[in-house]
Structure formats: C-alpha cells, structure tokens
Amino acid sequence: MSAAPSAEAAYPAVTVIGAGPAGLIAAETLARAGCRVSVHDRMASPARKLLIAGRGGLNLTHSEPRERFLARYGAAADWLAPMLDAFPPARLRAWAAELGEPTFIGSSGRVFPRSFKASPLLRAWLRRLDGLGVRLLPRQRWLCWTEEDGLRFDTPEGVVDVASAATIFALGGASWPRLGSDGGWVRIFNEAGVMSAPLRPANSGARIAWSPSFIERFAGEPLKRIALTTGERTVRGEAMVDPSGLEGGAVYALSALLREAVAREGAALLSVDLRPDVTAEFLAARLGASRKGESTANRLRKAAGLTPVAAGLLREASTPLPTEPERLAERIKAVPLEVTGMAPLERAISSAGGVLREALDDRLMLRDRSGSFIAGEILDWEAPTGGYLLQACFATGFAAACGALAHLGLPAPPPWAGGWAGNDVE
C-alpha cells in the first residue's frame, strides 16, 4: 500500500516567475489561499526595480477619480478596468497600511508611504511572505517549458525541471535590464506560439540634436513650470536638458505619442511653452515696455521672466531670434523642437508591448497553454509615471493569482468593498 499524502502535499504547488510587485502580490494572494508557492527570480534579491524607483520617494498610486485614472492606460483602459476595479488604489493603500506603512497624498495627488521609501515596505512585505510559507529562489533564470508542460530553470546548482499546478509569469518588460527585466522571455514565448507585441521604450526621454555650446552650458539644467505639446496633447510640468535631448515627467507623459510619430514620420514636433501661466499678449506688452537699448538677455530675464536655461532653449531653437515684441512673445509661447528619436529601452522607465490581450482568456491565462497566467509589465499595456505603473502591476498580479485559484478550484479572496481612491485611508 502507498503512504497517504502529507498535509503539505495536499496543497497545490504553484510557481511564480519574477519577484517584482506583480509576482510578489500574486504569490501573497496564492499563499493566503493555501497554495505552496515558490517565487523564482534571476536576480540575487527581489524587487530590485521597486527599490530603485523608491529612492526619490515611492509613488505607489494616485488619488485621482476613477475615470481620469483609467484614461491613463489609453487603448488598454477597457481591458484593465475590471482588474483595477478589483484591486483599486484604495485596496493598495489599505494593503500598505496593513504592512505598517500607511500612505499619504502629496500635493500633486500622488500617493506615497509615510516613510517615503521603498525599503521599509519591501522588508515588511518579505516578512509577511515568509510567514505565509512563500519560498524565494534567487538566481534562477527560466529557460523554457518542458515537453511535459513543466518549467526548466538555470540555477546555481545546474538546470532544474519543476512541476507546477499553475504558473504566474511576471517577468517584466525590458526597461532597466540590469535590475532583472531583460525581455529574455520574448524569444521563448514566440517559439511557443504566444502572440506578443514588440517591446518598445515607454516613459522615455526625447532625442533632440542640441548644439555643442548648448549642451556644454545647460546639460543637467531643469526647465520648470513649462508646457509641452505634441499633436493635440498638452502637458504641464518640468523637464531636464540632457546631452541627448529632454528627460522628465512632462516628456514621459508624451513619450507614447512622440514614439509613434517618430516611427510613422521619422521625426516629431515638440512645442515648448516657456511661460504657460501668461498669455502671448501679456508677454508682448511686457517686452514692448522694455527700455530702449536694453540687451535681449535682460529683456528675456526681466520682461519675459525666463531663466537662463529657458532663454538658452529659446535661442537654440530660434535663429535668428525675433526682435518684435509680438513675434518674440509668440515664440516664447511655442518653441519648436524636432524630436528625432526616443531614449532606448535600457534607459526607459518602462516598456510598451508584451503579451497580447488576444492570447489570453479573461482570467489572464494563456489560451494555448492551460495553467500559465501572465501579470505585470509583460502584458501589452503602458501608462505614464505618477503611480499608474505600480497600480496596474499590483492589479494584474492579483488578477492572475485569482485566475490561477479558479483554475485550481480554490476560492478567490473576497471582493473589495472599500471604494476607489481610498482618500480616507491614512
């Protein structure tokens, strides 16, 4: 007679590949439901990208209303909406508070942990996962599916095959590859017939051909309180002059439009309003009232209120610089820059492209490979910075875990009943 199965063996063994936010929240959700969970990651420690992103303040999510929030995901908004409704900003904030890291809303509407850092949150999270029995297995690169639909890993001990009742693939995109997400899964998925869109840079800088003198004087200088326009879209914010072009939040918010325009036309027009808080008529009146004989530099500084880098940008894009007050004011309100490309994937904050919606069922399981679920940035969606990236990683990780539980015949966590933004969660 064979021995009766142990109590531990009675629980399904589930594998998570990728130890970023999507993979770890999937692991937590599965472990809470009783699964035996192993998290494999090619790096030596988990959530490297989360830690780097949190160095200047970990922007977990955003407090804006649902409809405006969903619109940040563009063409993927209707696809992601049910997942974000199941794991909205309020649920993420409550989750952080349960870990001992309550959140607050900044002046921009962005949500941060009170500690402002990623490391205390991650330490508390890893302690929770350890208490739930989740095994973290570092330095393990996924190589392929086996012929028996198992998983093959390259580990410090050699090549190992793993059997799994279900698998969550949370391998990330291809931005910041030194932190773990190198896009190596693309070839494996393509060879297995899984449909995916090419990975492209998202939230990336714009390439602009500056003159050597402009780079020498102004590289690293911030352009504050500006407005950037491409096509019909205008974004207010800040940017920074980079030797290769422009970086910064306002640029990243337009990066998808700029990227597609460059791909389509070979270049894109980016218009910079150096004084979005005033009208061209106001500027023209101020410039016209300048004293006779006053230098152009003084006129731009005193009458137009331009910083040295703003005045330098105006001169860089305007040869010769208009002298008439009306024309000069119009140029200050719309400095034309030609964008010839975008920063490459390795310098982008995130990536666009990934596993296509058509390759998945409504539980995020691959249609052609039962038991394989997809979560996080590996999916075909993109969003601007501001908390939207992390929120969707958590939401899709939670959704994939719920899909795996349904596949295994296990009950899903209770639905969230706490509202959307959680502005009362402190």
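Relevant structure appears above.
Residues numbered from 1 in each chain as written. Predicted model: local features only at pLDDT ≥ 70, side-chain atom pairs only at ≥ 80, totals over all residues. Heavy atoms only, no water.

Turning our eyes to something else, we now look at the overall build of the chain. If you tally the helices and strands in the chain, you get 15 helices and 20 strands. With the C-alpha coordinates of the chain rotated into their principal frame, the extents come out at 105 × 45 × 35 Å. Each of the 426 residues in the chain was classed as buried or not, and the buried ones make up 53%. Considering only contacts in the chain between residues 6 or more positions apart, those separated by 24 or more positions represent 71%. Total accessible area on the chain stands at roughly 19300 Å², and carbon and sulfur atoms take up 52% of it. (Helix = DSSP H or I, 4+ residues; strand = E, 2+ residues; numbered from the N terminus. Buried < 20%, exposed > 50% of the residue type's maximum accessible area, 1.4 Å probe, protein only. Contact = heavy atoms within 4.5 Å. Areas by Shrake-Rupley, 256 points an atom, 1.4 Å probe, with all protein chains shown as cover.)

Once that is clear, we can look at the pattern of salt bridges. When charged atoms on two side chains of opposite charge get close, those side chains can pair. For the coordinates displayed, the defined rule picks out 24 salt bridges. Of the charged contacts in the structure, one is a salt bridge between R363 and D361, with a shortest N-O distance of 3.8 Å. Because the salt bridges share partners, they merge into one network encompassing E28, R32, E98 and R128. (Salt bridge = Lys/Arg side-chain N within 4 Å of Asp/Glu carboxyl O.)

Before going further, it helps to spend a moment on the sheet that holds strand β17 (residues 335-339). Spatial ordering of the open sheet is given by β17-β16-β13-β14-β15-β12-β18, a layout of 7 strands whose pairing is antiparallel. With partners counted over all chains shown, the strands left at the sheet margins are β17 and β18 (341-342), one partner each. Sheet topology note: the strand β12 (residues 206-207)/strand β15 (residues 245-247) ladder contains 2 bridges and is antiparallel. By the bridge assignment, A206 is partnered in β15 with L246. (Pairing = 2+ DSSP bridges.)

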